[in-house]
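Geometric and topological summary
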Amino acid sequence: MGLEIEKKFTVKKLPDDLKRYAYHHIEQGYLNVHPAIRVRQEDDHYYMTYKSANGIMAKEEYNMDLDEASYKHMLKKADGNIITKKRYLIPLNEDAFSKEYLDEHKEDAKAFWDGNIKIELDVFEGFFEGLIIAEVEFPSIEAADNYKPADWFEKEVTGMKEYSNAQLTKLEKFIVEKA
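Anyway, here's the lowdown on the structure attached to this text. Numbers given to residues run from 1 along each chain, matching the order in which its sequence is written. Local features in a predicted model are, by the rule used here, given only for residues with pLDDT of at least 70; side-chain atom pairs are given and counted only at 80 or more, and totals for whole chains, interfaces and linings are based on all residues. With hydrogens and water set aside, each side-chain value is computed from the structure's full complement of heavy atoms.

For the peptide bond that leads from His 34 to Pro 35, omega is 5 degrees, which places it in the cis range. For Pro 35, the position within the fold is in the loop between strand E2 (23-32) and strand E3 (36-42). In this structure, Asp 43 takes a positive phi of about 55 degrees despite not being glycine. Numbering of helices and strands starts at the N terminus; helices are DSSP runs of H or I of at least 4 residues and strands are runs of E of at least 2. Along the chain, the position of Asp 43 falls in the loop between E3 and strand E4 (45-51). By relative accessible area, which is 29% here, Asp 43 ends up partly exposed. Only protein chains enter the calculation, and the probe is 1.4 Å; a residue is then buried if its accessible area is under 20% of its type maximum, exposed if over 50%, and partly exposed in between.

Quick look at the structure:
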């Protein structure tokens, strides 16, 4: 199993140049919430994911490839709402880490400079239209702890149950809060 280390943020405004970034179409359903067991279609790739119930920012995660027929079969068994969204892959903000941090943490610096740390901007569709969440996955807990959020992020919502995709599937009603 791998370790997923991520932070989540609400968004003040979308980046002006959003259309220039690559994105994935994602559809997913949850077979279980705690621990999270989901099936996902990402473009033409299908898989099932297990995420441990422990941890806020760092969780064990395991993915298993599926074929399309298996995905569709399991999606019918999903509880609650099916989530659909576009996930934009945006380079990490240039001021994400201090120079001192990058000088002292060579592996994290390499991941940063090589563009291996990205902002994944989820623009939800369907039942959750209007919800926009930015996620950043980090190579280490230290990198996550030292990250300076992009200026277009609003507030950090890491670990807040109401922003968990698994929890969203259980909602009977969804209303986007307007600032």
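Turning to the side chain of Thr 10, a few remarks are in order. With respect to the helices, strands and loops of the structure, Thr 10 is situated in strand E1 (residues 2-11). Overall, Thr 10 belongs to the buried group, its relative accessible area being 8%. Non-local contacts of Thr 10, meaning those with residues more than four positions away in its chain, are made with Ile 132, Ile 133, Phe 153, Glu 154, Lys 155, Val 157 and Tyr 163. A contact between two residues is defined here by any heavy atoms of the two lying within 4.5 Å.

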